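Breakdown of the fold
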Amino acid sequence: MPNVLLLGGTTEASALTQRLAAAGIAATLSYAGRTHAPRAQPVPVRIGGFGGVEGLATYLREHGVTHLVDATHPFAATMSRHAVAAAHEAGIPLIALTRPAWEPVAGDRWTRVADIPEAVAALEGPARSVMLALGRMHVEAFAAQPQHHYLLRFVDTPDTPPVLPRHSLVVDRGPFTVEGDRALMAAHGIAVVVCKNAGGTGAAAKLAAARALSLRVVMIDRPAVPERHETHDIDAVLRWLGHAVPSGTERGV
Ligand code: NAP
């Protein structure tokens, strides 16, 4: 019987957790511990880093993990790199459950950049209202462009106030709607939205809202991760675990 370690922190990981529990597959869900009150889950949860590749490989061995599923966020590249190396070291198979990246559609005004420093550089110029839809970890870098007024949206109230001289803070963990995001952007007079190419539907409302308002979007491309077995499909993960799921079944997850 499989004994799965699922690296989570995403809506996909939560959806997969539900399916694993429903299928009676033993699994532990792992969080980094960045969010104060993660949603209740139907499988055991562990919280906190493993201590690098060695720590994760040791965890896999000591807990008799047979399958490692990486369903972390596409920007959690360190964790994903560690997962590939530790699975190799522990001699267990790994699959990554990811979301397809977003692609621009008609009406989008994207500037694509490689990383946070390039996103900061792309904001060179006169003062504007800029929405940073990035999470709290990368906000500090934008202090290098202090002329702008920044709108920040975080999942939790930060322990220390953001260092940006001019900002407004909204605490909201979604789900977000196109209408809601459009109203928020209009109310704050937003001219530019900065975001990561997270992909998926949950975080896409801001893109549709920016399109509707004809706003510029600075889109940060995904970091590189090593080659690995990867799928966008929860059913494919269950099949990979040896659980019979008929092909082509719509599950609506
Ligand atoms: P990261 O930079 O790739 O990871 C940094 C360290 O955090 C890892 O080396 C690992 O510590 C620990 N870690 C990360 N994910 C973990 C997990 N699921 N379980 C246990 N330890 C974990 O990751 P990050 O960008 O800080 O993201 C942290 C978490 O937030 C991830 O679970 C991710 O799915 C979620 N998340 C991230 C973003 C984002 O934009 N980056 C957005 C939404 C959600 P050790 O080396 O000590 O093992």
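The following paragraphs examine the structure supplied in this document. (Residues numbered from 1 in each chain as written. Predicted model: local features only at pLDDT ≥ 70, side-chain atom pairs only at ≥ 80, totals over all residues. Heavy atoms only, no water.)

Let's shift gears to the overall build of the protein chain. The helix and strand tally for the protein chain stands at 7 helices and 12 strands. Taking 253 residues into account, the globule formula puts the C-alpha radius of gyration at 18 Å, and the protein chain, at 19 Å, falls close to it. Overall, the protein chain is about 60 × 40 × 30 Å in size when its C-alpha atoms are taken along their principal axes. Considering only contacts in the protein chain between residues 6 or more positions apart, those separated by 24 or more positions represent 62%. Once the 23 positive and 22 negative side-chain charges of the protein chain are each reduced to a mean point, those two points are 4 Å apart. (Helix = DSSP H or I, 4+ residues; strand = E, 2+ residues; numbered from the N terminus. Rg over C-alpha atoms; globule rule 2.2 N^0.38 Å. Contact = heavy atoms within 4.5 Å. Lys, Arg positive; Asp, Glu negative; His and termini not counted. Charge placed at Lys NZ, Arg CZ, Asp CG, Glu CD.)

With that settled, the discussion passes to the pairing of strand β8 (residues 149–154). Burial analysis of β8 places 5 of its 6 residues in the buried class, which makes it a mostly covered element. Pairing of β8 with strand β9 (residues 167–171) involves 5 bridges; the strand directions are parallel. Bridge pairing links R153 to V170 in β9. (Buried < 20%, exposed > 50% of the residue type's maximum accessible area, 1.4 Å probe, protein only. Pairing = 2+ DSSP bridges.)

The full count for this structure, using the stated rule, is 2 aromatic pairs. Ring centres 6.1 Å apart and planes at 65° place the aromatic pair F142 and Y150 in the edge-to-face group. Across the pair, exposure class does not vary: F142 and Y150 are buried alike. Here the guanidinium or amino end of R46 rests over the ring plane of F50, the centre of that ring lying 3.9 Å away. Geometry around Y59 places R46 over its ring, the cationic atom sitting 5.4 Å from the centre. (Phe/Tyr/Trp six-rings, centres within 6.5 Å; stacked < 30°, edge-to-face > 60°. Lys NZ or Arg CZ within 6 Å of the ring centre and 35° of its normal.)

Let's shift gears to the site of the ligand. Surveying the vicinity of the ligand reveals 23 residues, the closest of which are G8, S30, R34, F50 and K196. One of the side-chain nitrogen or oxygen atoms of R34 is found 2.7 Å away from an oxygen atom of the ligand. F50 places a main-chain nitrogen or oxygen 2.7 Å from an oxygen atom of the ligand. Contact with the protein chains covers 80% of the free accessible surface of the ligand, which is 810 Å². If you list the elements that add at least two residues to the shell around the ligand, you get β2 (26–31) and α3 (77–90). Counting residues per element, the shell around the ligand draws most heavily on α3, at 4 residues. (Near = heavy atom within 4 Å. Polar contact = N/O pair within 3.5 Å; in protein donor to acceptor, adjacent residues only side chain to side chain. Areas by Shrake-Rupley, 256 points an atom, 1.4 Å probe, with all protein chains shown as cover.)

This brings us to the sheet that holds strand β7 (residues 129–133). Strands sit in the order β6-β11-β10-β7-β8-β9 across an open sheet of 6 strands; the sheet is parallel. Every other strand in the sheet has two partners, leaving β6 (109–113) and β9 as the edge strands with one partner each. The average undirected angle you get between the axes of adjacent strands in this sheet is 20°. Pairing of β7 with β8, which is carried by 4 bridges, proceeds in the parallel orientation. (Axes fitted to C-alpha atoms, helices over the stretch in contact; angles between N-to-C directions.)

Note that soluble globular proteins tend to have their nonpolar side chains buried in a common cluster. Membership of the largest hydrophobic core comes to 20 residues, with the highest contact counts inside it found for L123, L132, F142, Y150, V194, V218 and I220. Mapped by element, the contributors of at least two residues to this core are α4 (116–121), β7, β8, β10 (192–196) and β11 (216–220). Setting aside residues no more than four positions away along its own chain, V218 makes contact with T111, V113, A119, A122, L123, V192, V193, V194 and C195. Core analysis: the second largest hydrophobic core is formed by 19 residues, L20, V43, A71 and L238 among them. (Core = buried A, V, L, I, M, F, W, Y, C linked by side-chain atoms within 4.5 Å.)

With that settled, the discussion passes to helix α2 (residues 52–62). Within α2, burial applies to G55, L56, A57, Y59 and L60. Structurally, α2 contributes buried residues whose contacts are with β1 (3–7), β2, β3 (45–47), β4 (67–70) and α3. Note on α2: the residue one or two positions beyond its end, G64, has a positive phi of about 60°.

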